[in-house]
Amino acid sequence: MSILEQKNKLESLVEARIAFLTEVKQECNLNDEDYNDLDTIEDEILSGELLLEWFDHRDLEYISNMINCQQALLDTLKAAECGDKKSLHNANKAFENLIHEARRIKKKRNEDIQKAQETIALMDEIIKICDEHRIK
């Protein structure tokens, strides 16, 4: 994927972040001076000072992770493009760090998926048992 495609992907993630935080601001009536800046809202959500439903908090964390990794990838690709020995060395180290971070995030999200699948399976079992025993 080219640097331009990475930049476009990053821009769409940033737009999704802005839309999400704007919706939170409107839904929670955060219109006073303390919440003029969307970064403030994000910081308070991620720090736990501003509580949202679990799903909303999770969605913001997902978006933030994707933006941070995408920005790091874009910066590293630009550094690697320079071509001088020092830039290539630094880019290689950054790629290694980014791989480690991406794998950590991927593992965490796979754990989320596993927990969700277990919950869905249990809910299916409960629905099945209730359907079998209810009077029709």
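All values reported here derive from a predicted model rather than from experimental measurement.

### Digging into the overall build of the protein
Counting its secondary structure elements, the protein contains four helices and zero strands. Going residue by residue from the N terminus, the α and β elements of the protein occur as α-α-α-α. Compactness check: the protein gives a C-alpha radius of gyration of 21 Å against a globular reference of 14 Å for 136 residues, more than 25% above the reference. Along the three orthogonal principal directions, the C-alpha set of the protein runs to about 75 × 40 × 25 Å. Counted over contacts in the protein with a minimum sequence separation of 6, partners at least 24 positions apart contribute 51%. Accessible surface computed for the protein: about 10,200 Å², of which carbon and sulfur atoms make up 54%. Across the protein, the 19 positively charged side chains and the 30 negatively charged ones have centroids separated by 9 Å.

### A short note on the side chain of K25
The residue K25 is located in helix α1 (residues 3-27) in this model. Judged by relative accessible area, K25 falls into the buried class, the value being 18%. With sequence-adjacent residues up to four places away left out, K25 is seen in contact with L30, N31, Y35, N36, L38 and I41.

### Points about the packing of α1 against helix α2 (residues 38-47)
Closest axis-to-axis distance for the α1/α2 pair is 10 Å, and the angle between their directions is 80°. It follows that α1 is roughly perpendicular to α2 by the angle criterion. The residues of α2 that touch α1, namely those facing R17, I18, L21, T22, V24 and K25, are L38, D39, I41, E42 and I45. Classifying every residue of the contact of α1 with α2 gives six nonpolar, one polar and four charged.

### Looking at α2
For an α-helix, the turn length of 3.6 residues means that residues three or four places apart are oriented alike. For α2, every residue scored as buried is listed here: L38, I41, E42, E44 and I45. Within α2, the buried residues cover an arc of 165° as seen down the axis, which keeps them to one side. Capping the start of α2, D37 holds a side-chain oxygen 3.2 Å from the backbone nitrogen of D39, two or three residues further along. Phi turns positive one or two residues past the end of α2, at G48, with a value near 90°.

### Things to note about the nonpolar core
Membership of the largest hydrophobic core comes to 16 residues, with the highest contact counts inside it found for F20, L21, V24, L30, I41 and I45. When residues of this core are assigned to their parent elements, the largest contribution, five residues, is made by α1. Apart from residues no more than four positions distant in its own chain, I45 is found in contact with L21, V24, L50, L52, H57 and L60.

About the thresholds
- Residues numbered from 1 in each chain as written.
- Predicted model: local features only at pLDDT ≥ 70, side-chain atom pairs only at ≥ 80, totals over all residues.
- Heavy atoms only, no water.
- Helix = DSSP H or I, 4+ residues; strand = E, 2+ residues; numbered from the N terminus.
- Rg over C-alpha atoms; globule rule 2.2 N^0.38 Å.
- Contact = heavy atoms within 4.5 Å.
- Areas by Shrake-Rupley, 256 points an atom, 1.4 Å probe, with all protein chains shown as cover.
- Lys, Arg positive; Asp, Glu negative; His and termini not counted.
- Charge placed at Lys NZ, Arg CZ, Asp CG, Glu CD.
- Buried < 20%, exposed > 50% of the residue type's maximum accessible area, 1.4 Å probe, protein only.
- Axes fitted to C-alpha atoms, helices over the stretch in contact; angles between N-to-C directions.
- Parallel < 35°, antiparallel > 145°, perpendicular 65-115°, else oblique.
- Nonpolar A, V, L, I, M, F, W, Y, C, P; charged D, E, K, R; others polar.
- Arc of directions from axis to C-beta.
- Polar contact = N/O pair within 3.5 Å; in protein donor to acceptor, adjacent residues only side chain to side chain.
- Core = buried A, V, L, I, M, F, W, Y, C linked by side-chain atoms within 4.5 Å.

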